[in-house]
Amino acid sequence: MPDTRATRAFLEPRHHQLATAAEAFVAEQIAPLGHAEDDEQARRQARQVLTALGEGTWLQPIAVPDLRACGLLREVLAAESPLADAVFALQALGSMPIQLAGSDELKRAFVEPALRGEAMAAFAMTEAEAGSDVAHLSTRAVRDGSHYVLNGGKAFISNAGIADFYTVFAVTDAEAGKRGISCFVVPADTPGLSLARAQVMSAPHPLGELAFEACRVPASHRLGSEGEGLKIGLASLDRLRATVGAAACGMAQRALAEALAYSKQRHLGGQALAEYQMTQDKLARGATELTASRLLVYRALWERDDGTERTTVEAAMAKSYATEAAQRIIDDAIQILGGRGCLAEHPVDHLYRSIRSLRIYEGTTEIQRLIIARALLAETS
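Visitor: Teacher, can you tell me more about the overall build of the chain here?
Guide: Tallying secondary structure elements over the chain gives ten helices and ten strands in all. A compact globule built from 381 residues should have a C-alpha radius of gyration of about 21 Å, and the chain, at 21 Å, falls within 12% of that. The dimensions of the chain, computed from C-alpha atoms along their principal axes, are 80 × 50 × 40 Å. Looking at the chain as a whole, 54% of its 381 residues are labelled buried. Excluding contacts between residues fewer than 6 apart, the proportion of contacts in the chain whose partners are at least 24 apart in sequence is 74%. A total accessible area of about 16,400 Å² is found for the chain, and carbon and sulfur atoms account for 52% of it.

In structure tokens, the structure reads:
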């Protein structure tokens, strides 16, 4: 369970209650699903998780949004199932641009069913040659009467091939650079949109490439004005980025708990592994880094919930520190567990394969540090 004692200054009583209820839900409905063993199973399981989240109203904090609640839910989900965490995260990220800039009609058609768990969302910004450098997208959207015609492709898209709708970013004015990008809601059954291929990750996850070939999208499905797409996309990421750090905290907490329990029961040379100072050093460093991560994460989420308009730097600190710390904590946990920690059936091995992508998606650690450094330099110029 999340250590809400460490972050009580940033949480309200309802958040403590939410965390307790969420842990019970995960134990009852998510844990029995187990970990997907391959890509196809992950795709089927993602839909099962979405239905369970929707029926339990666990997606509702996305609508407010109550970002601290979203963070706590991601932490609880990620500790048990990184896939379940990803399902929650994509419902938030895929629907957030519509919440920020969509018409009432689009919100009714896409956001409301997404929050009921009846429609699966996806966020389609990344391309094979435009990851962190999102200002250089190649997918084009050309106005044709009351429609736009999309051509191009997207890569590394979570829920590709299983989502019911995609928020897609495409260039409408190639001469305008980053100000020439627009955002569209594209239903999955739109002619011209297809799954080009699945992309298989080391930790099973529904990832893939999308192809747009003369894909006609109604102009009414554009979010905001032409050229506002990148602004909408970055605003969505800015709101949710710190919750990635919360997911990392959940993974780190589970790994630390597994290592601690094992170190107390495993005996070596006549004494428990936990009695060796080298083991204690790993446990102490892990607990300290996890607490620091939570403080950064929930400070950033509290500031946004409290009405702070921009929390870009706070979110960058939270995301970069928590994901990097979680990688170290999980790695140390495997060292303590020894050979058991390397077995594919062990939860810490699954965490080890899952945590790596968190240091990349929604802005790499390096990009987050550039954001922080540029803010510092701007303050002293």
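So that's the structure; there's more coming.
Visitor: Explain helix H8 (residues 312-337) to me, please; I cannot follow it from the model alone.
Guide: An α-helical segment advances 3.6 residues per turn. Residues three or four places apart therefore align on the same side. Taking 1.5 Å per residue as the helical rise, H8 with its 26 residues ought to reach 38 Å, and the 37 Å between its terminal C-alpha atoms agrees with that figure. Most of H8 is tucked away: 20 of the 26 residues are buried.

Visitor: Would you mind going over the pattern of salt bridges with me for this structure?
Guide: Any two side chains of opposite charge can pair, on the condition that their charged atoms come close. Taken as a whole and judged by the stated rule, the model has 21 salt bridges. One salt bridge connects Arg14 with Glu12, and the closest N-O pair in it is separated by 3.0 Å. With a closest N to O distance of 2.9 Å, Glu324 and Arg359 form a salt bridge. Of this pair, Glu324 sits in helix H8 while Arg359 is found in the loop between helix H9 (347-358) and helix H10 (365-380), placing the two residues 35 residues apart along the sequence. For Glu324, a relative accessible area of 12% corresponds to the buried category. Bridged by salt links that share partners, the residues Glu12, Arg14, Asp66, Arg68 and Asp305 form one connected network.

Reading guide: rules and limits
- Residues numbered from 1 in each chain as written.
- Predicted model: local features only at pLDDT ≥ 70, side-chain atom pairs only at ≥ 80, totals over all residues.
- Heavy atoms only, no water.
- Helix = DSSP H or I, 4+ residues; strand = E, 2+ residues; numbered from the N terminus.
- Rg over C-alpha atoms; globule rule 2.2 N^0.38 Å.
- Buried < 20%, exposed > 50% of the residue type's maximum accessible area, 1.4 Å probe, protein only.
- Contact = heavy atoms within 4.5 Å.
- Areas by Shrake-Rupley, 256 points an atom, 1.4 Å probe, with all protein chains shown as cover.
- Expected span 1.5 Å × (residues − 1).
- Salt bridge = Lys/Arg side-chain N within 4 Å of Asp/Glu carboxyl O.

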